[in-house]
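Residues per chain are reported as follows:
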Amino acid sequence: MTKSLIYSLAVATMALGGTALAETIAPDAVEIVDMEVNASITGSAGNATDGRDAFADRKKGNCLACHANSDLKEQLFHGEVGPSLDGAADRWNEAQLRAIVIDSKQVFGEQTVMPGFYSLNVGINVAEDFKGTTILTAEEVEDVVAYLMTLKDN
Amino acid sequence: MIKMRTLTAVMSGLLAATAATAVLAGGPVDEALIIDGETEITTRTAAPEGHPFDELISGWHYRTDETRALQADSFQNPGMLYVERGEEIWNTADGAAGKSCADCHGDASESMKGVGAAYPKWDAASNRPVNIELQIDACRKNNMQAEPYKFDAADQKALTTYIRHQSQGMPVGIDLSQGEMQSWWDNGKDLYYTRTGQLNLSCANCHEENNGNYIRADHLSQGNVNGFPTYRLKQSEMVSLHNRFRGCIRDTRAEFPAAFSDELMALEVYVTWRGTGLAVETPAVRQ
């Protein structure tokens, strides 16, 4: 493949991504202030339906590994390492939920078992395939946050 | 990306049609392990001094009714096939010296009784702790002029299972006063509490803080080693201890150390100590 062809492919891909991609905040540039991240880290609102999938997907959020969630009762196994997320949006506002998903250590403290899903502050010896990457992309973070906002009891 | 999402949606749709949420209630079962109605196995015991737990509990208590029943019946326990294979190897000559293990050690039920319960042990010759696998390799090299086994070779697992089985029912207890065992214990402890990988989890996050809880479909135990090598139903085969360690480390999305490396030997020393007083179960059955 020639360099110019690669270049035009890259431009085309970026164009497909649209403006949202251009405004994405990198993991090490996200600022968590008073346990909140106020604005979307992609510049646009997430999609709750996609967020529901990412929440359950073992290769993405795999949130069910640790949390029960009645809204996903069609999924066979729900973990019990963390609290049930039923009514999560009654307990937390959107900016707080975004902070929890991005880097829970900055909300619950360093000792929490919950991984940071958009953080590079991770454990030692990260496997080659995952080095320098985050568990969720910025878009997936926003999708999951949009989905969490639907978990209301009252 | 779009393709992936559609696929996931289709898959969860399929699941929705066929399955209802399983009701999971965590915690160890309150039962006794008696093998063939004869050999009572100590699966719960008071922890040694300086241990984070009050009570040590074998992984057996965290498994399903079916899995526990398999282990309690040595005719049904699939791990017993490996014990039998191990006995064959024990009695078969190998290597340029033309010797078998039995030629020097005789009847394993006598010479190896209690041996597996006391490993890892300090080894002055190599100036580090050795486990059963490394001791077998040392005998093959020095006493039989045979090649050491490749890690997880079928015969290595069978022979290790056979030797550990001779200590079934005997309490795990290692001697930390020999050589530099204590500093290997210290290193193992550091590793046990070190978070690894992109998921940023330590052994303690799962096996100390969350034993008794489900992590998705898996019921977390204290992560004791008294049943190793264990027969895993999921893999339909015997799993060595270092293979299990590596699996747990890999699941944190971390690179895992080589089998028998300093890291994994230190972990083996420390984690074996954490199970002090539990009886050797080999071959245990796990899911």
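All values reported here derive from a predicted model rather than from experimental measurement.

## Structural notes on the overall build of chain B
- Each helix and strand in chain B was counted, giving 11 helices and 11 strands.
- The principal-axis extents of the C-alpha atoms in chain B amount to approximately 65 × 45 × 40 Å.
- Burial analysis of chain B (287 residues in total) assigns 49% to the buried set.
- Put simply, 68% of the contacts in chain B that link residues at least 6 apart link residues at least 24 apart.
- In chain B, the 26 positive side-chain charges and the 38 negative ones have mean positions that sit 9 Å from each other.

## A closer look at the overall build of chain A
- Summing up its helical and strand segments, chain A has 6 helices and 0 strands in all.
- For chain A, the sequential pattern of α-helices and β-strands runs α-α-α-α-α-α.
- Here chain A holds 154 residues, and 44% of them are scored as buried.
- Looking at chain A alone, contacts between residues at least 24 apart form 52% of all its contacts between residues at least 6 apart.
- For chain A, the accessible area works out to roughly 8,200 Å², and carbon and sulfur atoms hold 58% of it.

## Let's talk about the sheet that holds strand 10 (residues 237-239) of chain B
Residues and elements named next belong to chain B.
- Taken in spatial order, the 3 strands make up an open sheet running 10-9-11, and their pairing is mixed. On the outer flanks of this sheet lie strand 10 and strand 11 (284-286), each paired with one strand and no other. Strand after strand, the sheet turns through a mean of 40 degrees between neighbouring axes, direction not considered.
- Summarising the sheet, strand 9 (residues 230-232) and strand 11 pair through 3 bridges and their orientation is parallel. The residue of strand 11 that forms the bridge with Tyr231 is Val285.

## Comments concerning helix 2 (residues 48-56) of chain A
- Turning to helix 2 of chain A, its buried residues are Asp50, Gly51, Asp53, Ala54, Phe55 and Ala56 of chain A.
- The opening residue of helix 2 of chain A is Asn47 of chain A, an N-cap whose side-chain oxygen sits 2.8 Å from the backbone nitrogen of Thr49 of chain A.

## A short note on the domain arrangement of chain B
Residues and elements named next belong to chain B.
- One can read the domain layout of chain B as domain 1 (39-77 + 172-286) and domain 2 (80-165).
- Inter-centroid distance (C-alpha atoms) of domain 1 to domain 2 is 22 Å.
- At the interface, 34 residues of domain 1 touch 25 residues of domain 2.
- At the boundary of domain 1 with domain 2, total buried surface from both sides reaches about 2,400 Å², with 62% on carbon and sulfur atoms.

## A closer look at the packing of aromatic side chains
- All chains considered together, the criterion is met by 10 aromatic pairs over all chains.
- Taking 5.5 Å as the distance between ring centres and 70 degrees as the angle between the ring planes, the aromatic pair formed by Phe55 of chain A and Tyr147 of chain A counts as edge-to-face. Here Phe55 of chain A, found in helix 2, pairs with Tyr147 of chain A, found in helix 6 (residues 138-148); they are 92 residues apart in sequence, far enough to count as distant.
- Consider the rings of Tyr192 of chain B and Tyr270 of chain B, whose centres lie 5.5 Å apart with planes at 65 degrees: the pair is edge-to-face. Within this pair, whereas Tyr192 of chain B is found in helix 8 (residues 181-192), its partner Tyr270 of chain B is found in helix 11 (residues 262-274), the two being separated by 78 residues in sequence.
- In this structure Tyr192 of chain B comes out as buried when scored by relative accessible area, which is 2%.
- On the basis of relative accessibility, which here comes to 1%, the residue Tyr270 of chain B falls in the buried class.
- Three or more aromatic residues joined by ring pairs form one cluster here, namely Trp185, Tyr192, Tyr193, Tyr270 and Trp273 of chain B.
- Over the ring of Tyr149 of chain B we find Arg140 of chain B, and its NZ or CZ is 4.2 Å from the ring centre.

## Concerning the side chain of Thr112 of chain A
- Summarising the element assignment, Thr112 of chain A is placed in the loop between helix 5 (105-108) and helix 6.
- Overall, the relative accessible area of 13% leaves Thr112 of chain A in the buried class.
- Residues contacting Thr112 of chain A, with those up to four places away along its chain left out, are Ser104 and Lys105 of chain A together with Arg195 of chain B.

## So, the interface of chain B and chain A
- Opposite the 34 residues of chain B that make contact, chain A presents 41 residues.
- Both faces considered, chain B and chain A share a buried interface measuring about 3,300 Å² in area, 52% of it formed by carbon and sulfur atoms.
- At the junction of chain B and chain A, the tally comes to 0 salt bridges.
- For the side of chain B that touches chain A, the elements supplying multiple residues, two or more each, are helix 1 (2-18) and strand 7 (214-215) of chain B.
- When residues of the side of chain B that touches chain A are assigned to their parent elements, the largest contribution, 6 residues, is made by helix 1 of chain B.
- Its residues assigned to classes, the side of chain B that touches chain A shows 15 nonpolar, 13 polar and 6 charged.

## Points about the confidence of the model for chain B
Residues and elements named next belong to chain B.
- Of all residues in chain B, 91% have pLDDT values of 70 or greater, and the mean over the chain is 92.
- Long-range and interchain partners of residues 1-23, a stretch whose pLDDT sits below 50, account for 27 contacts in this model, where long-range means more than four residues apart.
- Interface confidence for the predicted complex, given as ipTM, is 0.87, next to a pTM of 0.92.

What counts, and at which threshold
- Residues numbered from 1 in each chain as written.
- Chains lettered and ligands numbered in written order.
- Predicted model: local features only at pLDDT ≥ 70, side-chain atom pairs only at ≥ 80, totals over all residues.
- Heavy atoms only, no water.
- Helix = DSSP H or I, 4+ residues; strand = E, 2+ residues; numbered from the N terminus.
- Buried < 20%, exposed > 50% of the residue type's maximum accessible area, 1.4 Å probe, protein only.
- Contact = heavy atoms within 4.5 Å.
- Lys, Arg positive; Asp, Glu negative; His and termini not counted.
- Charge placed at Lys NZ, Arg CZ, Asp CG, Glu CD.
- Areas by Shrake-Rupley, 256 points an atom, 1.4 Å probe, with all protein chains shown as cover.
- Pairing = 2+ DSSP bridges.
- Axes fitted to C-alpha atoms, helices over the stretch in contact; angles between N-to-C directions.
- Polar contact = N/O pair within 3.5 Å; in protein donor to acceptor, adjacent residues only side chain to side chain.
- Domains from an automatic or database assignment.
- Buried area = accessible area lost by both parts, 1.4 Å probe.
- Phe/Tyr/Trp six-rings, centres within 6.5 Å; stacked < 30°, edge-to-face > 60°.
- Lys NZ or Arg CZ within 6 Å of the ring centre and 35° of its normal.
- Salt bridge = Lys/Arg side-chain N within 4 Å of Asp/Glu carboxyl O.
- Nonpolar A, V, L, I, M, F, W, Y, C, P; charged D, E, K, R; others polar.
- pLDDT = per-residue confidence, 0-100.

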